[in-house]
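As a plain string of letters, each chain reads:
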Amino acid sequence: MADDLLKDIFARLIRATGPISVAHFMAESNARYYGTRDPLGACGDFITAPEVSQMFGEMIGLWLADLWIRAGRPGPIAYVEAGPGRGTLAQDALRAAARQGLVPDVHFVETSPALRALQRQRFPGATWHDDFATVPADRPLLVVGNEFLDALPVRQIVRMAEGWRERMIGWDAQGQRLLPVAGDRPMDAAVPPDRAGAPEGTIIETCPAAAAVTAEVAARLAAQGGAALWIDYGHAEPHDGSTLQAVRAHRKVDPFADPGEADLTALVDFAALVPVVAAAGARCDGIASQGDFLRCLGIEARAAGLARTAPNHAPALARALDRLTGAEEMGNLFKVMAFSAAHWPVPAAL
């Protein structure tokens, strides 16, 4: 069974029990996908900001160090990264932080055996966790998650002529392919009152998993001290419509064609996480575009300094800077959200 194509497994399940939820489809697909490969880099399926340039991680490390210094240099303290990929962000961030005296214990929240093996090469002394439940509870936490929330399963509800229904994944009449279908159970009670009258065809997308992990981290910060930084592609205002997409070999592909063989993601609704943070007892420090955040931290000065040191790399540095901060690149599409313990200083750049 483990060697079966996930598409065939889904087909058998749907034929036996009926359509499955989008959340079920996305969770199983990404569990198979991330558990069996290194998806990053030119030879993989996508490239994240830390892989674009060391400057990205360096800015994060300086952000953490600045906050830690203004908090009175508490120790011991833990750096906790959710979904750390190859460990590139942690390597660059902690190198920059160490120059300012911040040398925390390193903890990775990671479930993929393939990625854990890569992370262990760079951080043999790190501690790994399947989730945040086993992260130390006796010290402040500096939590970072870059392109972590977007891979968590989303739930979709669609307005039909007869009312609201959950959007499911079924099998087409010819038995050839997976496709979205409307469920048969009424879901009107799950729709916020101010959205109940939305026109037919409207899709409301939520991510209970993102809310749950954010609430857990925020509660930890409120109790232990520290701050968290979520960086992901998403929106800062409420948004209708399906944002589910799949990427394979650096190209967008049909998300339903080959489950488990492509990276499934959805835009992060950062606005929905703000009340979650407050309810857990932490302070939301703001949401900014990635471009504004990095420029405020001094990435342009860092790029200029690196170019002076290595003039032959200046064109590549300029391209990387534009990729990370440009309005037509990652600068506007990606957002940064920070939240922290109420008794800690307000972080920079937000």
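Remember, predicted model here, so these are calculated numbers, not experimental data.

### Things to note about the pattern of salt bridges
- In this structure the tally under the stated criterion is 15 salt bridges.
- Note that D130 is salt-bridged to R116, the shortest N-O span being 2.9 Å. Of this pair, D130 sits in the loop between β4 (127-129) and β5 (141-146) while R116 sits in helix α6 (residues 113-122), placing them 14 residues apart in sequence.
- A relative accessible area of 54% places D130 in the exposed class.
- Put simply, D172 and R177 hold a salt bridge, and the shortest N to O gap is 4.0 Å.
- Accessibility expressed as a relative area gives 12% for D172, which makes it buried.
- A residue is classified by how much of its surface remains accessible, and R177, at 45% relative accessible area, is partly exposed.
- Connected through shared salt-bridge partners, E58, D92, R95 and R302 make up one network.

### Brief notes about the packing of aromatic side chains
- For the structure shown, the criterion picks out nine aromatic pairs.
- On the numbers, 5.9 Å between centres and 40 degrees between planes, the contact of Y233 with F334 is tilted. Linking Y233 in strand β10 (residues 226-235) with F334 in strand β16 (residues 334-340), this pair joins segments that are 101 residues apart in sequence. Across this residue pair, the class does not change: Y233 and F334 are buried.
- A network of ring pairs unites the aromatic residues F10, F25 and F256 as a single cluster.
- Here the basic side chain of R120 rests over the ring of W128, its NZ or CZ set 4.5 Å away from the ring centre.

### Looking at the packing of helix α10 (residues 299-309) against helix α11 (residues 314-325)
- α11 packs onto α10 with a crossing angle of 165 degrees between their chain directions and a minimal axis gap of 9 Å. The angle between α10 and α11 falls in the class roughly antiparallel. In this structure, the crossing between α10 and α11 has a hand that is right-handed. Contact residues: α10 offers I299, E300, A303, L306 and A307, while α11 offers A314, L317, L321, L324 and T325.
- The residue makeup of the contact of α10 with α11, split by class, is eight nonpolar, one polar and one charged.

### Points about the nonpolar core
- Residues I60 and Y79 are the most contacted members of the largest nonpolar core, which totals 45 residues.
- With nine residues, the single largest contributor to this core is helix α4 (residues 54-70).
- I60 has contacts with L89, A93, V144, L229, I231 and F293, leaving out every residue within four places of it along the chain.
- Listed in part, the 25 residues of the second largest apolar core include A210, A228, A282 and F339.

### Let's talk about the pairing of β10
- Most of β10 is tucked away: ten of the ten residues are buried.
- Residue alternation in β10 divides its side chains into two sets, G226, A228, W230, D232 and G234 and A227, L229, I231, Y233 and H235, and both sets are buried.
- As paired strands, β5 and β10 are joined by six bridges and run parallel to one another. Within β10, the position partnered with L142 by the bridge is A227.
- Judged from the seven bridges that link them, β10 and β16 form a sheet pairing that is antiparallel. Bridged to D232 within β16 is K335.

### A closer look at unusual backbone geometry
- Each neighbour pair has its own omega, and for G75 with P76 the value is -5 degrees, a cis peptide bond.
- Note that P76 resides in the loop between α4 and β2 (78-82).
- Here the phi dihedral of R73 falls at roughly 55 degrees; this positive angle occurs in a residue that is not glycine.
- Tracing the chain through its elements places R73 in the loop between α4 and β2.
- The phi dihedral of H250 falls on the positive side, at around 65 degrees, and the residue is not glycine.
- With respect to the helices and strands, the residue H250 is situated in the loop between β11 (245-248) and β12 (251-253).
- A relative accessible area of 38% means that H250 is categorised as partly exposed.

### Quick word on the sheet that holds β12
- Strand order across the open sheet formed by three strands is β12-β11-β13, with antiparallel pairing between neighbours. Edge positions in the sheet fall to β12 and β13 (263-265), since each of these pairs with one other strand and no more. The sheet shows a mean angle of 40 degrees between the axes of neighbouring strands, taken without regard to direction.
- The pairing of β11 with β13 spans three bridges and is classified as antiparallel. Within the sheet, the bridge partner assigned to Q245 lies in β13 and is T265.

### Remarks on helix α5 (residues 88-98)
- The element α5 is largely enclosed, with a buried count of eight among its eleven residues.
- Looking at α5, one finds that the buried residues are T88, L89, A90, D92, A93, L94, A96 and A97.
- Packed against the buried residues of α5 are α3 (49-52), α4, β2, β3 (105-109), α6 and β5.

Parameters at a glance
- Residues numbered from 1 in each chain as written.
- Predicted model: local features only at pLDDT ≥ 70, side-chain atom pairs only at ≥ 80, totals over all residues.
- Heavy atoms only, no water.
- Salt bridge = Lys/Arg side-chain N within 4 Å of Asp/Glu carboxyl O.
- Helix = DSSP H or I, 4+ residues; strand = E, 2+ residues; numbered from the N terminus.
- Buried < 20%, exposed > 50% of the residue type's maximum accessible area, 1.4 Å probe, protein only.
- Phe/Tyr/Trp six-rings, centres within 6.5 Å; stacked < 30°, edge-to-face > 60°.
- Lys NZ or Arg CZ within 6 Å of the ring centre and 35° of its normal.
- Axes fitted to C-alpha atoms, helices over the stretch in contact; angles between N-to-C directions.
- Parallel < 35°, antiparallel > 145°, perpendicular 65-115°, else oblique.
- Left-handed = near helix turned anticlockwise from the far one by under 90°.
- Contact = heavy atoms within 4.5 Å.
- Nonpolar A, V, L, I, M, F, W, Y, C, P; charged D, E, K, R; others polar.
- Core = buried A, V, L, I, M, F, W, Y, C linked by side-chain atoms within 4.5 Å.
- Pairing = 2+ DSSP bridges.

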